[in-house]
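Observations on the model geometry
Chain by chain, the residues run as shown.
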Amino acid sequence: MAQTKLQAIGLRHEYYQPRTGGRLLALDNINLQVDEGEFVSIVGPSGCGKTTFINLCDGLLKPTAGRIMIDDKPVTGPGTDRGMVFQDSCLMPWRTVFKNVMFGLECQGLDNGEGQERATTFIKLVGLQGFEDHFPHELSGGMQQRCNLARALTVDPKILIMDEPFAALDAQTREIMQSELLRIWRESGKTVLFITHQINEAIYLADRVIIFGARPGKVKETIKIDIPRPRDLSVKRDPAFLKYEDRVWNLKRDPAFLKYEDRVWNLIEEEVKKTMIQDQVVQNINR
Ligand SMILES: Nc1ncnc2c1ncn2[C@@H]1O[C@H](COP(=O)(O)OP(=O)(O)OP(=O)(O)O)[C@@H](O)[C@H]1O
Ligand SMILES: [Mg+2]
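Below: a short report on this structure. (Residues numbered from 1 in each chain as written. Chains lettered and ligands numbered in written order. Predicted model: local features only at pLDDT ≥ 70, side-chain atom pairs only at ≥ 80, totals over all residues.)

Moving on: the nonpolar core. Looking at soluble globular proteins, one finds that nonpolar side chains tend to be buried together. With 62 residues, the main nonpolar core has Cys 57, Ala 150, Leu 193, Phe 194, Ile 203, Ala 206 and Val 209 as its most contacted residues. Those residues in contact with Ala 150 that sit more than four places away from it in its chain are Val 101, Phe 122, Ile 123, Leu 125, Val 126 and Leu 128. (Core = buried A, V, L, I, M, F, W, Y, C linked by C-beta atoms within 7 Å. Buried ≥ 20, exposed ≤ 12 C-beta atoms within 10 Å, placed from the backbone. Contact = placed C-beta atoms within 7 Å.)

Encoded structure:
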């Protein structure tokens, strides 16, 4: 049986709001687990607490109640057992690709031959060989995210946690990065927790997709993705894939948004009717 790598138990998070003196409940009673070597995606409406969840996993926030366990030990603060990748690549502009990738290793006191060898290995793994001496502004958005990924991987984290890492990329680069990420995941054997807004990205990458409901965030449903690997990008057009997409899409839809959508369509219908009546009046006058 697969070993549990990360577990959220009864997780709740409230933010204190200094302006009002009130508290905002961002996450409520989150229970989930990610197994060793598993790729899990999380999707959910904007503001449902996905980033809050990631920050709790990283130990940047302390839960109001409940806990996050990694390898059966509670998370009490940031650590090198977790590699974080955010939407913004956060590279240091004054450092080259090589020096950016070396940064985490330097923090661990590995600014030596062993560290340099590790950095070289991961630069190659993400396909940036030949660009070691380039500065971030000399790289494309996709290359910057590759560099970011290499930096997160070099410290050999047990789990890679990614918060919308490809959101800023154009559609084509995004697809290339998705298949690259799957290749890196396969070769490195890491456990991955991946947040995205794009449903087909979540399905294409993951073994399981967890759907969060609207704020306060809760686990609404978990869907196992039974699509054989390795997955070619063309799998996104398969009927089985499209069925998963429909299912996640229906679960992700927020009832409040559906009401809003209905209201908008009703208003549009009213406006169209009004113009049709006006047209008829004008036609009658012109007759
Ligand atoms: N530092 C903060 N202080 C107060 N409230 C916060 C803070 N950060 C987030 N929130 C609130 O917590 C809720 C969840 O925010 P969070 O950023 O986790 O959502 P999200 O699911 O990542 O959204 P998105 O998909 O738009 O990135 C939101 O209502 C947000 O306003
Ligand atoms: Mg977010």
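The amide bond that connects Arg 215 to the next residue, Pro 216, takes the cis arrangement and shows omega of 0°. Non-glycine residue Asn 29 carries a positive phi angle of around 50°. Its place among the elements puts Asn 29 in strand 2 (residues 22-35). C-beta crowding within 10 Å serves as the criterion here: with 15 such atoms nearby, Asn 29 is assigned to the partly exposed category. Even without glycine at this site, Asp 71 takes up a positive phi of about 50°. (Helix = DSSP H or I, 4+ residues; strand = E, 2+ residues; numbered from the N terminus.)

Let us now look at the site of ligand 1. Among the 13 residues in the neighbourhood of ligand 1, the closest are listed as Tyr 15, Ser 46, Lys 50, Thr 51 and Thr 52. The set of elements that each furnish at least two residues to the shell around ligand 1 consists of strand 1 (4-17), strand 2 and helix 1 (50-58). The element best represented in the shell around ligand 1 is helix 1, accounting for three residues. Along the lines of polarity and charge, the residues of the shell around ligand 1 split into four nonpolar, seven polar and two charged. (Near = placed C-beta within 6 Å. Nonpolar A, V, L, I, M, F, W, Y, C, P; charged D, E, K, R; others polar.)

Further remarks concern helix 4 (residues 141-154). Between its first and last C-alpha, helix 4 extends 20 Å over 14 residues, near the 20 Å set by a 1.5 Å rise per residue. Of all 14 residues in helix 4, 12 are buried; the element is thus mostly enclosed. Those residues of helix 4 not exposed but buried are Gly 142, Gln 144, Gln 145, Arg 146, Cys 147, Asn 148, Leu 149, Ala 150, Arg 151, Ala 152, Leu 153 and Thr 154. Taken from the residues just after helix 4, Asp 156 is the one with a positive phi, measuring 55°. (Expected span 1.5 Å × (residues − 1).)

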